[in-house]
Amino acid sequence: MTEAILLVGGKGTRLRPLTVHTPKPMVRAGGVPFLTHQLARARAAGVDHIVLATSYLAEVFEPYFGDGSALGLHIEYVTEDEPLGTGGAIRNVASRLHSGPDDPVLVFNGDILTGLDIRALVETHERTSADVSLHLTQVTDPRAYGLVPTDETGKVLAFLEKPQTPEEIVTDQINAGAYVFRRSVIDTIPASRPVSVERETFPDLLAAGAHLQGMVDSTYWLDLGTPAAFVRGSADLVLGRAPSPAIPGRCGDRLVLPTARVAPDAKLTGGTVVGEGAFVAEGARVFGSTILPGAVIEPGAVITDSLIGTRARVGERSVLTGTVIGDGAVIGPDNELRDGMRIWCDARIPAGAVRFSSDQ
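Predicted model, so just to flag it, every value in this text is computed and none were measured. (Residues numbered from 1 in each chain as written. Predicted model: local features only at pLDDT ≥ 70, side-chain atom pairs only at ≥ 80, totals over all residues. Heavy atoms only, no water.)

With that settled, consider the pattern of salt bridges. Scanning all chains against the criterion turns up 14 salt bridges. Notably, a salt bridge pairs Asp236 with Arg241, separated by 3.3 Å at the nearest N-O pair. Using a relative accessible area of 7% as the deciding quantity, one classes Asp236 as buried. Overall, the relative accessible area of 56% leaves Arg241 in the exposed class. Among the charged side chains, a network of salt bridges with common partners joins Asp102, Asp131 and Arg182. (Salt bridge = Lys/Arg side-chain N within 4 Å of Asp/Glu carboxyl O. Buried < 20%, exposed > 50% of the residue type's maximum accessible area, 1.4 Å probe, protein only.)

So this is what it looks like as structure tokens:
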């Protein structure tokens, strides 16, 4: 069908400590690096050539995905010496594209989990002879997003900053982070400097009279920019709410990967993932959470809507809700960690050191 660019260079600062040692697209969701889901969905839509625009921890992508042949793809890698923003990253990989001037090129942000009908977006782009087509999604509360109003034909009218007052909310449509560019338009993006497609490229194209087309697709959509969203996205993949051909097993309440060990009386529900080499001991209860490879959940621990990092350990009877435990961290027995808490990589919390209730 076409070729694609995947923007995977961000530092993922909102996801730290998950991204201290791992770039955001390589953090595991639904049992595999999140990027795997995006690559598999692109391949299922007919894409066979993908260029990864990398920057932060760029060295980890190619050893894992290689040339892409295992996924039926041809993958190339381009690394930015200095971060170039979304537009700058697109322009920076242009020389690797094979498309002709009028051919469509797909562009995906590397942190969006979506059920977008990719073929429909390309078909909309070609049917309307657009210069750029954007996937738009509708949200209940658009105050946290830039707004993208369109006319009755779907033609984009403006790009509006995050609304500050109710009067500024003129639409519930937002930029959902997937685009189709006419190949020649990519060459108009300034080279060798940071450029934002959202704040510079798209508004400038619109001001110059270019045709920007919006396609509203309100299937599953989630920005995985925060730890809570990432945990929810992983659970939704396992539960089958978010579509992906890359889930390494059957969808259901739990996904236990090969070499993981789970005690017979441990309870795993809500789309929980237990990674390779991890261990969940007797009496533990884990709901809607991700246990990364090599982690240990000791007897009687209760973990809800949380992510436990690689080789981390959660002690006996500890209760974790809405928390992120960094790689190699150790949570001693009888701790209580609540929503929003982040424990950094290799940190040590002694037994009973953090509590929200009596120790009696």
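The domain boundaries assigned to the protein delineate domain 1 (2-223) and domain 2 (253-349). Averaged C-alpha coordinates put domain 1 and domain 2 at centres separated by 33 Å. Each partner contributes residues to the interface: domain 1 has 11 residues there, and domain 2 has 15 residues. Carbon and sulfur atoms make up 65% of the surface buried where domain 1 meets domain 2, a total of about 1000 Å² over both sides. Among the residues domain 1 hides against domain 2, the three largest losses belong to Pro17, Leu18 and Arg28. Together they make up 52% of the total. Notably, a salt bridge pairs Glu276 with Arg28, separated by 3.1 Å at the nearest N-O pair. Where domain 1 touches domain 2, the interface holds three residue pairs in polar contact (both at pLDDT 80 or more). Of the residues belonging to the side of domain 1 that touches domain 2, the class tally is four nonpolar, four polar and three charged. (Domains from an automatic or database assignment. Contact = heavy atoms within 4.5 Å. Buried area = accessible area lost by both parts, 1.4 Å probe. Polar contact = N/O pair within 3.5 Å; in protein donor to acceptor, adjacent residues only side chain to side chain. Nonpolar A, V, L, I, M, F, W, Y, C, P; charged D, E, K, R; others polar.)

Time to look at the pairing of strand E10 (residues 212-216). Across the five residues of E10, four count as buried, placing the element largely inside the fold. In this structure, strand E8 (residues 132-138) lies alongside E10, joined through five bridges in parallel fashion. Among the inter-strand pairings, Leu134 is bridged to a residue of E10, identified as Gly214. (Helix = DSSP H or I, 4+ residues; strand = E, 2+ residues; numbered from the N terminus. Pairing = 2+ DSSP bridges.)

Pairing within the open sheet is parallel, and its six strands lie in the order E12-E15-E18-E21-E24-E27. Here the strands that pair on one side only, and so sit at the sheet edges, are strand E12 (254-256) and strand E27 (342-343). Note: strand E15 (residues 272-274) against strand E18 (residues 290-291), two bridges, orientation parallel. Each residue of the ladder has a partner; that of Val274, found in E18, is Ile291.

What follows covers helix H6 (residues 197-207). Where H6 is concerned, the buried positions are Val197, Thr201, Phe202 and Leu205. Around the axis of H6, the buried residues are gathered within 85° of arc, so they sit on the same side. The exposed residues of H6 that point more than 90 degrees off its buried face are Arg199 and Ala207. On the buried face of H6, the contacting elements are helix H3 (85-92), E8, strand E9 (173-182), helix H5 (183-186) and E10. Positive backbone phi, approximately 90°, marks Gly209, located one or two places after H6. (Arc of directions from axis to C-beta.)

In total, this model carries seven aromatic pairs according to the counting rule given. An angle of 65° between the planes, with centres 6.4 Å apart, marks the rings of Phe34 and Phe230 as edge-to-face. With Phe34 in helix H1 (residues 34-44) and Phe230 in helix H7 (residues 227-239), this pair connects stretches of sequence that are 196 residues apart. Taken as a pair, Phe34 and Phe230 share a single burial class, namely buried. Pairing Tyr179 with Phe181 gives two aromatic rings, centres 6.3 Å apart and planes at 90°, and the pair type is edge-to-face. Of the two residues, Tyr179 and Phe181, both sit in the buried class. (Phe/Tyr/Trp six-rings, centres within 6.5 Å; stacked < 30°, edge-to-face > 60°.)

Before going further, it helps to spend a moment on the UniProt feature "domain: Nucleotidyl transferase" (unreviewed entry) in the protein. The feature "domain: Nucleotidyl transferase" (unreviewed entry), as annotated in UniProt, sits at residues 4-236 in this numbering. Taken as a whole, residues 4-236 contains 26% helix and 23% strand, while its terminal C-alpha atoms sit 25 Å from one another. (UniProt positions renumbered as here; feature names shortened; annotations may be inferred.)

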